[in-house]
Amino acid sequence: MSQFLMPSLGADMEAGTLVEKLRNPGERVARGDIIAAVETQKGVIEIEVFEDGVLQEWLVDLETKVDVGTPLAMIQTDHDAATASSASDPPNLPEPQAPEPPNPEAPQPQDPQPNVVPPEEPERQIPEPEVPGPEIPIPEVPQPDIQPPEIGDIALQERRVGDKKRLRITPSARRLAAQRGIDLGTLSHQKDAPFYLQDIAALTQTADATQPSEMRAAIAAAMSRSKREIPHYYLSHRADLTNADEFVSATNATRAPETRLMLGALYLKAIARAVKKFPEFNGHFKDDNFDHSEASHVGLAISLRGGGLVAPAVFDADAQGLDDVMTAMRDLITRVRTGRFRARELTDATITVTSLGERGVDQLYGVIYPPQVAIVGIGTPALTAQVQGEACVPRLTATITLAADHRVSNGRRGGLFLQEIVKHLQNPETL
Amino acid sequence: MNDDTIQTALQQELYRIAPDIDIDDIDLTADLREEFDIDSMDFLNLVTALGKRFGLEMPEADYDRMRSFSDLLGYLQAQTDQTP
């Protein structure tokens with residue numbers, strides 16, 4: 001039997017709200033199946049199961065907000081079935097690092113009622129990002145009913161949306177409602193009209209001035225931790241993007257909009273390639289130890305309307321063609337903007353790129369997203385005067401920066417790494 | 001094609017991308033990306049959606065003619081007039 005836990009989806013997540021149960025008790029689930037959706041400060045995130053088995057029961061009601069690490073469901077794994085006869089220890093028991101699930105003590109005989117006292121408001125600790133997958137096999141013991149803890153002043157009674165009918169609400173409005181802690185179940189339907197952002201904003205105008213959004217607080221917590229724990233160093237280099245820009249224009253001239261490339265896809269691919277030669281910038285720093293990642297999962301910092309920021313990963317960007325990277329990036333941004341993405345995308349990035357796009361400023365220095373060890377910043381490309389031989393010529397250039405972790409690398413290697421990225425960008429046809 | 005239909009379609013597609021921006025609050029002749037706070041990916045999605053809706057190629061070379069809301073509306077009207 002394993003518990004399916006509310007996963008931690010990054011250094012800045014403490015709690016989430018179960019908003020969709022995609023499987024019923026008794027149904028089979030297979031590793032990789034998406035069985036639930038959870039609303040977090042970052043939007044609605046689909047959660048995968050990591051083992052084959054049968055969904056036993058849901059332990060948390062819809063629209064209930066619970067801490068990271070809280071069991072959401074019980075799963076009878078195939079492994080259980082196979083070893084049901086032997087009462088051996090469960091194998092490979094990972095050490096749960098999440099805030100302890102509010103797993104109450106087994107009822108004591110003298111207790112007339114095994115009334116589980118909900119813990120006090122959980123300490124506002126930043127969950128370690130190295131939380132194991134949402135599922136942790138636990139020894140088979142009789143499970144008392146688990147009462148969800150109370151979080152702040154949000155009571156955890158059942159809160160359903162209408163008559164289980166999904167509210168018609170725009171993604172940005174849903175996000176704002178989540179940020180402001182508005183119970184969607186209390187909103188009344190008005191002749192099936194959808195809720196727009198301004199409706200939600202109107203509801204919260206009074207709280208607006210005093211309360212920073214939850215997402216902003218979460219970002220602040222993660223970034224504070226980064227600055228506290230990671231000895232950042234910073235480097236900057238000018239990249240000539242004229243070739244890259246001409247390559248993109250030439251490619252797009254004959255293409256319909258849906259298959260067009262953007263410079264962003266070239267940035268991703270160039271970084272994914274460059275880390276192959278500079279592995280000390282690609283991976284996770286955990287427990288005083290750097291684990292270099294063979295795969296290049298490049299996190300892409302995406303800003304959300306309303307001020308949020310997330311950096312989900314484009315997986316194996318080095319192994320994909322440019323068109324595939326572009327498709328993956330476009331799909332990711334579309335899903336993130338509509339407030340829906342997958343858990344793995346939030347936890348598995350091995351390096352991040354943050355780009356200001358076409359309307360930004362010259363350069364930005366990123367803050368490393370733990371447990372990663374590097375972030376590449378790409379300023380807004382602009383025509384600048386460059387000296388070529390005796391002449392001054394206009395070239396499209398951008399300032400590329402690196403913020404990296406001194407526990408793992410140093411400035412000399414960082415400089416070579418930046419040059420490697422620029423080299424790839426100057427030869428776009430080889431990407 | 002009716003001009004009202006085109007304007008409605010354009011507003012619908014912009015609403016999909018920037019639901020928090022009210023068309024009444026923006027400068028129709030100013031830079032569309034600034035006014036609606038949309039980035040290059042949003043703009044590409046807008047161009048893709050409009051291209052599909054009206055059966056237009058929306059080439060990158062014409063992006064300069066799609067700078068503001070009014071420009072884009074005029075561009076769509078001109079292009080759809082040419083298509084039978």
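Look above for the structure.
(A) Quick peek at the packing of helix H1 (residues 3–17) of chain B against helix H3 (residues 40–54) of chain B. All names here are of chain B. With their axes 10 Å apart at the nearest point, H1 and H3 run at an angle of 145° to one another. The two elements H1 and H3 meet at a crossing, and its hand is right-handed. Residue-level contacts link Ile-6, Ala-9, Leu-10, Gln-12, Glu-13, Leu-14, Arg-16 and Ile-17 of H1 to Asp-42, Asn-45, Leu-46, Ala-49, Leu-50, Arg-53 and Phe-54 of H3.

(B) Local environment of the packing of aromatic side chains. This structure, assessed with the given rule, holds four aromatic pairs over all chains. Between A:Tyr234 and A:Tyr365, the aromatic rings sit 5.5 Å apart at their centres with planes inclined by 80°, giving edge-to-face as the arrangement. Of this pair, A:Tyr234 sits in strand E10 (residues 232–240) while A:Tyr365 sits in the loop between strand E18 (351–355) and strand E19 (374–378), placing them 131 residues apart in sequence. With relative accessibility at 38%, the residue A:Tyr365 sits in the partly exposed group. Aromatic side chains B:Phe43 and B:Tyr63 sit 5.2 Å apart centroid to centroid with 90° between the ring planes, which places their arrangement in the edge-to-face category. Taken together, the positions of B:Phe43 in helix H3 and B:Tyr63 in the loop between H3 and helix H4 (69–82) put the pair 20 residues apart, joining distant regions of the chain. Among the residues examined, B:Phe43 registers a relative accessible area of 3% and is labelled buried. Using a relative accessible area of 17% as the deciding quantity, one classes B:Tyr63 as buried. A cation sits over an aromatic face here: A:Arg344 above A:Phe315, 4.1 Å from the ring centre. B:Arg33 extends its terminal NZ or CZ atom over the ring of B:Phe43, reaching a point 4.1 Å from the ring centre.

(C) Spatial organisation of helix H7 (residues 263–277) of chain A. All names here are of chain A. With 15 residues, H7 extends 22 Å from end C-alpha to end C-alpha; this agrees with the ideal 21 Å at 1.5 Å per step. The buried count for H7 comes to twelve of 15 residues, which makes it a mostly enclosed element. Restricting attention to buried positions, one finds in H7 the residues Leu-263, Gly-264, Ala-265, Leu-266, Tyr-267, Leu-268, Lys-269, Ala-270, Ile-271, Ala-272, Ala-274 and Val-275.

Here is what the cut-offs are and how they apply
Residues numbered from 1 in each chain as written. Chains lettered and ligands numbered in written order. Predicted model: local features only at pLDDT ≥ 70, side-chain atom pairs only at ≥ 80, totals over all residues. Heavy atoms only, no water. Axes fitted to C-alpha atoms, helices over the stretch in contact; angles between N-to-C directions. Helix = DSSP H or I, 4+ residues; strand = E, 2+ residues; numbered from the N terminus. Left-handed = near helix turned anticlockwise from the far one by under 90°. Contact = heavy atoms within 4.5 Å. Phe/Tyr/Trp six-rings, centres within 6.5 Å; stacked < 30°, edge-to-face > 60°. Buried < 20%, exposed > 50% of the residue type's maximum accessible area, 1.4 Å probe, protein only. Lys NZ or Arg CZ within 6 Å of the ring centre and 35° of its normal. Expected span 1.5 Å × (residues − 1).

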